[in-house]
Amino acid sequence: MATSLSYKLVVIILLAATIGSSATATYYYQSQNLKISQASDLNTQTTTLQNEISSLNKQMDSLNAQIAQEQTLNSQLGAYNSDMLTQIQQLQSQVTQLQSQLTLLQTQDYQLNTQLQLMQAQLTNLTGQVTTLTTKITALTSHPPTNTTQIASGTLMVAFNGISYIPFIITTAPSYVNVTFTAASTDSYYPASVALYLLTPNQYTQFTNGNYTSSTWSIPYSTSLAYSRSPTLAVGQWYIAFQEQDPNGGYPAYVAYAISTTTTLTA
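Since this is a predicted model, take the numbers as computed values, not measurements.

1. Quick look at the overall build of the protein
The secondary structure content of the protein amounts to 2 helices and 8 strands. Overall, the protein shows an N-to-C arrangement of helices and strands of α-β-β-β-β-α-β-β-β-β. Element-wise, carbon and sulfur atoms account for 59% of the exposed surface of the protein, whose accessible area totals about 19000 Å².

Written as structure tokens, this is what we have:
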């Protein structure tokens, strides 16, 4: 009886031990599987993190390259900006100089305009003076001033068919001779007449030799001459010749004459 109880007790203890061992083994197995699963998850996470780290490293490298490019560009822009600042300063200096030149030119323009207005006023005044002088010159040219001087006057007897001479000298040119005369006869019933000739020294010589064909100026036979003007004469010796002609013959003529020279005055 006691042996059977002990056996049962042993069986129960063995069963309990077997059950405990089985439970322990199951727990261990489950723990190992859990650790393996967790290790696998950790490996996966590690791989994922490594991939992310690698991707981040690549992004950092790209960003560093961009930063380097930006720094290079900034350096170039800095140099460009420095050049631009230098050019701007130079342009500002040129603008200042040009403004100074513009101010000077404006001042000169004002002065020139003032001078131009003054010169225009002077020109207007001179134009008026020229107009006045032109009018005077035109008047003088149309009717130039003259100076008349009497060089001889008196009574001259001219023999029948004879010639009497009156010499005179022209000292100023241009000049011309004015002659008036009246021929009186000794017989009023037979009025005498005389011709007048203006002679050069050569023509005078020809007249004295009986050649009466050439003269500088002449007036036909007349009993009187109120006024007559000769052509313009040159400076030198000249002669007035009176030639008597009495159609009835035999009577001399007595010529009352006046001779003057008129000189055109020049400026």
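Next comes the rest of the account.
2. Focus on the sheet that holds strand β2 (residues 163–170)
The 4 strands are arranged β2-β7-β4-β5 in an open sheet whose pairing can be described as antiparallel. Whereas interior strands pair on both sides, the edge strands pair on one side only; in this sheet they are β2 and β5 (217–222). The mean inter-strand angle of the sheet, taken between neighbouring strand axes irrespective of direction, is 15 degrees. Contacts between helix α2 (residues 201–208) and the sheet are confined to β2, β4 (193–199) and β7 (236–245), with β4 contributing the most and set at about 140 degrees to the helix.

3. A look at the packing of aromatic side chains
For any pair of aromatic rings, the description consists of the separation of the ring centres together with the inter-plane angle of the planes. Summed over all chains, the structure comprises 6 aromatic pairs. Plain terms: the ring middles of Phe-242 and Tyr-257 are 6.2 Å apart, the flat faces sit at 40 degrees to each other, and that makes the pair tilted. Taken together, the residues Phe-242 in strand β7 and Tyr-257 in strand β8 (residues 253–264) connect sequence positions 15 residues apart. Following the ring pairs from residue to residue traces out a cluster consisting of Tyr-165, Tyr-204 and Tyr-239. Looking at Arg-229, its charged tip hangs above the ring of Tyr-176, at a distance of 3.6 Å from the centre.

4. A short note on the side chain of Ser-164
Tracing the backbone through its elements, the reader meets Ser-164 in strand β2. There is a polar contact of 3.0 Å between the side chain of Ser-164 and the backbone oxygen of Met-157.

5. Description of the sheet that holds strand β1 (residues 146–158)
A sheet is described by the order of its strands in space; here 4 strands give the open sequence β1-β8-β3-β6, paired in antiparallel fashion. For this open sheet the edge positions go to β1 and β6 (224–229), each flanked by a neighbour on one side alone. Adjacent strand axes in the sheet meet at a mean angle of 10 degrees, parallel and antiparallel pairs treated alike.

6. Quick notes on the confidence of the model for the protein
Taken as a whole, the protein shows an average pLDDT of 84; of its residues, 90% reach a score of 70 or greater. Here helix α1 (residues 2–142) stands out as the element of the protein with the lowest mean pLDDT, 79, in contrast to α2, whose mean of 97 is the highest.

7. As for the nonpolar core
In terms of nonpolar packing, the biggest core is built from 25 residues, with Val-179, Phe-181, Ile-240, Phe-242 and Tyr-257 touching the most fellow members. Apart from residues no more than four positions distant in its own chain, Val-179 is found in contact with Leu-196, Trp-217, Leu-225, Tyr-227, Ser-228, Ile-240, Ala-258 and Ile-259. Ranked by size, the runner-up nonpolar core spans 6 residues in total, among them Ala-195, Tyr-197, Leu-199 and Phe-207.

8. Notes on the pairing of β7
Of all 10 residues making up β7, 7 are buried, and the element is well covered by its neighbours. Relative to β7, β4 runs antiparallel, the two being bridged by 7 bridges. Paired with Ser-193 across the bridge in β7 is Gln-245.

9. Observations concerning unusual backbone geometry
At the junction of Ala-173 and Pro-174, the peptide bond is cis and its omega measures out at 0 degrees in the coordinates. With respect to the element layout, Pro-174 can be found in the loop between β2 and β3 (175–185). Non-glycine residue Asn-161 carries a positive phi angle of around 55 degrees. With respect to the helices, strands and loops of the structure, Asn-161 is situated in the loop between β1 and β2.

Thresholds, definitions, all that
Residues numbered from 1 in each chain as written. Predicted model: local features only at pLDDT ≥ 70, side-chain atom pairs only at ≥ 80, totals over all residues. Heavy atoms only, no water. Helix = DSSP H or I, 4+ residues; strand = E, 2+ residues; numbered from the N terminus. Areas by Shrake-Rupley, 256 points an atom, 1.4 Å probe, with all protein chains shown as cover. Pairing = 2+ DSSP bridges. Axes fitted to C-alpha atoms, helices over the stretch in contact; angles between N-to-C directions. Contact = heavy atoms within 4.5 Å. Phe/Tyr/Trp six-rings, centres within 6.5 Å; stacked < 30°, edge-to-face > 60°. Lys NZ or Arg CZ within 6 Å of the ring centre and 35° of its normal. Polar contact = N/O pair within 3.5 Å; in protein donor to acceptor, adjacent residues only side chain to side chain. pLDDT = per-residue confidence, 0-100. Core = buried A, V, L, I, M, F, W, Y, C linked by side-chain atoms within 4.5 Å. Buried < 20%, exposed > 50% of the residue type's maximum accessible area, 1.4 Å probe, protein only.

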